[in-house]
Structures are given as structure tokens and as C-alpha cells.
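Letter by letter, the chains look like this.
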Amino acid sequence: MKSYKTLVFILCLAGGLAAMAAFFPRDGICINNVQLRFPALSEAMGSKPEAAVEEEAEAEADTLTPEELMEQRLAVLHAARDSEYVAYIAKSPTRFYMPDDDVAYLDPFFQAMDAAAKQPTRIMHYGDSQLEGDRMTGVLREYFQETFGGSGPGLVPAVQTLGSATVTVGTTPELPHYMFFGSSAFHADHKRYGPLAQVAQVTDSATFEVSCHGGKTYPHCRSFRRLSVLLSGSGSLVVPLSETDTTALTSPLDSTHHGLRICSAMLPSSVSRATVKARGSMEVYGLMLDGAGGVSVDNIAMRGVSGTLFTAIERESLAPFFREQNVSLVILQFGGNSVPYLKDSRGISNYKRQLMAQIALFQRMSPSSRILFIGPSDMATADGEEMKTYPRLPEIVDSLRAAATESGAAFWNMYRAMGGRGSMVRWVEADPQLAGEDYIHFTPRGARKISELLCQTFDFYYQYYRFRHGLDEETLPEDSVANDTTHTDIRPVPVAQ
């Protein structure tokens with residue numbers, strides 16, 4: 001017989017057998033009390049019927065102890081939760097971009113948060129006019145202090161030039177006051193500006209009166225327990241507690257120390273207002289109003305600043321603060337003031353290089369701190385009769401992200417989080433309005449909305465940190481073993497519409 005005929009015969013035979021396997025009754029045929037059965041196609045191919053697989057799985061489960069069965073279910077739950085975390089990190093517009101995609105980059109910061117009750121820690125939030133009035137930082141502060149403890153508005157200027165939703169500072173007499181941003185008319189003849197990039201001069205005596213508020217919006221900000229003054233020079237600082245009683249602010253460094261010193265006092269109880277009387281010759285860089293423990297969050301708004309000034313501040317008026325204050329996170333929120341002026345790739349590249357130098361400075365001053373850079377929001381400009389996103393803004397945002405991650409810092413894309421191209425127009429036209437008619441700044445409601453998105457992102461990564469380190473005990477719903485179900489409790493961060 002020719003070979004092709006043999007092949008045809010085999011194929012026909014196989015087809016006939018397959019047809020019988022497919023159509024022969026699964027339970028077989030009974031003839032004269034004899035049960036005839038033909039193997040199913042899955043059995044002929046070497047695979048087991050679904051029912052057989054289920055029977056084997058049930059038999060295997062029957063051999064497991066309840067503890068082993070629970071452990072098996074928890075492993076499934078763990079894998080499901082991890083995959084959901086990973087999916088969020090890969091796709092969410094509100095995610096953090098980590099250096100080298102290192103999901104553990106913020107772990108030391110979260111460790112500091114967990115330990116804040118016993119070892120107080122600070123978060124410093126630097127930024128441009130989007131932060132004025134404590135509009136954004138106030139929301140972050142409330143989240144962190146509610147979650148990890150702490151109170152008070154943190155670091156505030158000795159001479160307050162802008163109103164704030166959380167603190168008022170009054171100074172008498174009027175003191176010479178210099179800022180390293182804004183008009184050059186306000187610049188000093190030196191570079192000793194301190195961590196707020198501003199300084200007030202006391203030549204004989206001065207009185208600083210501080211008052212915290214915040215109402216129901218910022219309840220943790222309404223009081224403080226530890227009062228500190230940042231200064232250089234010599235003299236005395238006292239806080240009147242009553243008509244006959246005072247407490248002195250002291251420093252671990254004597255008055256001969258060159259550079260910034262921090263003089264502090266723990267008050268007998270938490271207060272919402274206090275007075276500091278200064279006498280001597282000193283430069284005052286700011287006051288700190290903190291809780292006895294927990295987290296302090298500093299609002300440092302710099303109108304008109306592009307974020308490139310820090311390397312020009314005299315180091316000894318700046319670095320001691322970071323050495324002494326257990327700063328666990330520095331947030332740098334800049335870029336918006338540069339968007340209208342960066343017209344080409346060369347300018348964008350130069351700006352990137354300048355910002356990388358600022359990040360490197362903070363890393364040298366505070367090696368244990370983590371750094372989060374926040375890029376600008378969407379911004380719109382007139383294009384004929386329409387308002388449209390600045391043409392170079394997406395390129396600038398990408399460059400800032402690269403500046404952060406290449407420098408070993410995290411990045412949050414505020415432009416993408418609020419909706420990307422064209423979102424500023426939608427925020428201006430929203431009802432109620434979320435951004436101002438300048439198509440640059442958020443309204444108070446918009447500032448709260450974007451800040452809450454950032455808080456939710458922090459919370460998501462904190463929960464993932466605890467999950468990865470086994471700090472949260474995995475549990476299943478009641479009677480889940482009996483029902484053989486799994487679940488997750490991850491709530492993805494909502495995306496701005």
C-alpha cells in the first residue's frame with residue numbers, strides 16, 4: 001500500500017474514533033445488563049475531566065488541616081492584593097514615580113511616621129504661590145497628624161507678610177526683614193536666610209506673638225506644646241506664662257556658635273497662643289510651633305520662585321536645621337513659574353540641571369530624608385479666543401520627572417493627576433469653581449481637591465508598605481473557608497475628573 005494511502009487510512013480512523021468519543025453517551029450504553037462505555041475525548045487526549053479535577057482538589061483539601069487550609073487561602077489573598085497594588089502603581093495617574101522604580105524608596109519615611117509618637121519627625125513642604133495661605137500644606141498636615149499624631153502649624157516666619165488659614169504672627173516693633181525671593185529690594189546684603197529663605201533682625205528687643213487657628217478644617221493645627229526660635233547671634237528669649245512666671249527658651253549650643261541655633265521650650269500644656277520676648281542682637285530665621293511628639297509639617301510658600309535658590313543660601317544658616325530636626329521628607333513643589341518662559345529644549349534642559357543641583361543639596365544636608373518633587377499643575381494661556389495648555393508644559397513636566405528620578409528622588413505628576421492637557425480649563429469652568437480666572441492657581445476648593453488626591457496617594461503607598469512588611473495581619477471574611485472565597489480591601493485612589 002502506498003504511504004499516502006496509509007496516512008489517509010490513519011486519519012480517517014482517528015477521525016472516526018474522535019467522533020465516537022464526542023457523541024458516545026458519557027454514561028455509556030446498557031445492552032443485556034452489560035454497560036458499554038467509550039472513553040471521552042479529554043481522557044483519550046490524556047487530560048482529566050473537569051469533574052475529576054474538582055474531585056481530586058476536594059480530596060486534597062480533605063487531607064489538609066484547618067490551619068493549612070487557611071494558610072492556603074491567605075496565600076491566594078496575598079497574591080490578589082499584591083497584583084492589585086502593582087496594577088495601580090503601573091497605571092494610576094496619581095501614582096508616585098520612584099527612582100529606579102524602587103517601590104521601597106519611601107519605606108524609611110513611613111518607618112519615621114510609625115515611630116513619630118516616640119521620636120518626633122518633620123515634613124517640609126516647599127513650593128511657589130500654590131502653597132500660599134497654607135491651602136495645600138494644611139490638608140497634608142491634617143492627614144499626617146490625624147494618622148500619626150502631632151499638632152501645631154510647624155515652622156512659621158518671624159515676620160508674617162501673607163495671611164494664613166492656620167497661624168498669625170505679630171511682631172513689635174517693626175523689624176528689618178529680608179527675603180531671598182521676590183523683589184531684590186527685599187534682599188539682605190548677605191546670604192544668611194535660613195530654611196524659610198527669610199530673616200528678621202533684632203538689634204535691641206522685640207516681641208513675637210503667635211496665635212494658632214484653623215477651626216473645624218484643621219483641628220490638629222489649633223494648638224502646640226513645643227515653642228522654638230531659629231536664630232543666630234546672642235541674647236535671651238523668654239515666654240511669659242503668667243504675670244509672675246516665665247520660661248526660657250534654651251539651645252544646646254552657646255551664643256558663640258556661628259550659624260543657625262534652635263532655642264526651644266516645652267510649655268506646661270498645649271496652648272493656642274503664646275508670646276516670645278527677645279532681647280539682644282540676633283538674626284531670627286523663624287519660629288516653630290510643634291506638638292510634644294508626632295509629626296510636624298511646615299508650609300514654606302515662596303511666591304514667584306522657580307525652586308533654584310537653595311544652593312545660594314549660606315549653608316550654616318540652613319544645614320544645622322536639617323541635622324537637628326529629624327526631617328524625614330522634603331517636598332519640593334516647583335515649575336509653574338518657569339513654564340511661561342521655557343520656550344525651547346535648551347532652556348528646559350538647563351532648568352532640569354539647576355533643579356538637580358537643589359535636590360543634591362537637600363540630600364547632602366539630610367541624607368536620611370526622602371525627597372518628593374511635585375511638578376506644576378496644568379496651566380492655560382490664550383490661543384486666539386481659546387484658553388489652551390501651554391505648548392511646552394508636558395515636555396517640562398517630563399523633564400522635571402527625569403530630574404527627580406535621575407537624582408534619586410520621587411516624583412508626583414500633578415499635571416496628570418488633575419487630568420492632563422486641557423484640565424485647567426475644565427477646573428476653571430467647574431461648578432463650583434476649582435481654579436481661578438488666571439488659569440494658573442487653584443481656588444481654595446481646588447487646592448483641597450488636589451491635596452486630597454495627594455493624601456490618598458500617600459495613604460495607598462503607606463498601606464502597601466505595611467502589606468509588604470507584614471505589619472497588617474491578613475484576614476479573610478467570616479465563613480470564607482466554607483465558601484472558598486477571597487477578597488481584597490484595596491480602594492484605588494480616585495482620579496480627578
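Above this text sits the structure in question.
Residues numbered from 1 in each chain as written. Predicted model: local features only at pLDDT ≥ 70, side-chain atom pairs only at ≥ 80, totals over all residues. Heavy atoms only, no water.

If you trace the six strands from one edge of the open sheet to the other, you get 3-19-16-15-4-14, paired in mixed fashion. Two strands close off the open sheet at either side, each with one partner strand: strand 3 (96-97) and strand 14 (295-301). Pairing of strand 16 (residues 370-374) with strand 19 (residues 410-412), which is carried by three bridges, proceeds in the parallel orientation. Bridge pairing in strand 19 places Phe-373 opposite Phe-411. (Pairing = 2+ DSSP bridges. Helix = DSSP H or I, 4+ residues; strand = E, 2+ residues; numbered from the N terminus.)

Here the distance between the centres and the angle between the planes together describe a pair of aromatic rings. Within this structure, the stated rule accounts for 29 aromatic pairs. A centroid spacing of 5.1 Å and a plane angle of 90° characterise the contact between Phe-148 and Tyr-462, whose relative ring orientation is edge-to-face. One end of the pair, Phe-148, is in helix 6 (residues 137-148); the other, Tyr-462, is in helix 12 (residues 444-468), and 314 residues separate them in sequence. The exposure classification of Phe-148 matches that of Tyr-462, with both residues buried. The positively charged end of Arg-370 is found above the aromatic ring belonging to Tyr-105, 4.7 Å away from the centroid. Above the face of the Tyr-464 ring, Arg-468 is positioned so that its terminal group lies 5.1 Å from the ring centre. (Phe/Tyr/Trp six-rings, centres within 6.5 Å; stacked < 30°, edge-to-face > 60°. Buried < 20%, exposed > 50% of the residue type's maximum accessible area, 1.4 Å probe, protein only. Lys NZ or Arg CZ within 6 Å of the ring centre and 35° of its normal.)

Under the 1.5 Å per step criterion, the end-to-end length of helix 8 (residues 345-365) is 31 Å for 21 residues, consistent within 8% with the ideal 30 Å. Those residues of helix 8 lying buried are Ile-348, Tyr-351, Lys-352, Leu-355, Gln-358, Ile-359, Leu-361, Phe-362 and Met-365. Looking at the buried positions of helix 8, the neighbouring elements they touch are strand 4 (121-127), helix 7 (319-324), strand 15 (327-333), strand 16 and helix 9 (393-406). Of the residues that open helix 8, the one with a side-chain oxygen 3.3 Å from the backbone nitrogen of Arg-346 is Asp-344. (Expected span 1.5 Å × (residues − 1). Contact = heavy atoms within 4.5 Å. Polar contact = N/O pair within 3.5 Å; in protein donor to acceptor, adjacent residues only side chain to side chain.)

This paragraph deals with the pattern of salt bridges. Close approach of charged atoms lets side chains of opposite charge pair. For the coordinates displayed, the defined rule picks out eleven salt bridges. One salt bridge in this structure joins Glu-283 and Arg-192, with 2.9 Å as the shortest N-O distance. Here the residue Glu-283 occupies a position in strand 13 (residues 273-290), and Arg-192 occupies one in the loop between strand 7 (177-179) and strand 8 (198-202), the gap between them amounting to 91 residues. Classification of Arg-192 as partly exposed rests on a relative accessible area of 28%. The shortest N-O distance in the salt bridge between Lys-352 and Glu-406 comes to 3.2 Å. Taken as a pair, Lys-352 in helix 8 and Glu-406 in helix 9 lie far apart in primary sequence, 54 residues in all. Judged by its relative accessible area of 51%, Glu-406 is exposed. A network of salt bridges, in which partner residues are shared, links Arg-122, Asp-290 and Asp-298. (Salt bridge = Lys/Arg side-chain N within 4 Å of Asp/Glu carboxyl O.)

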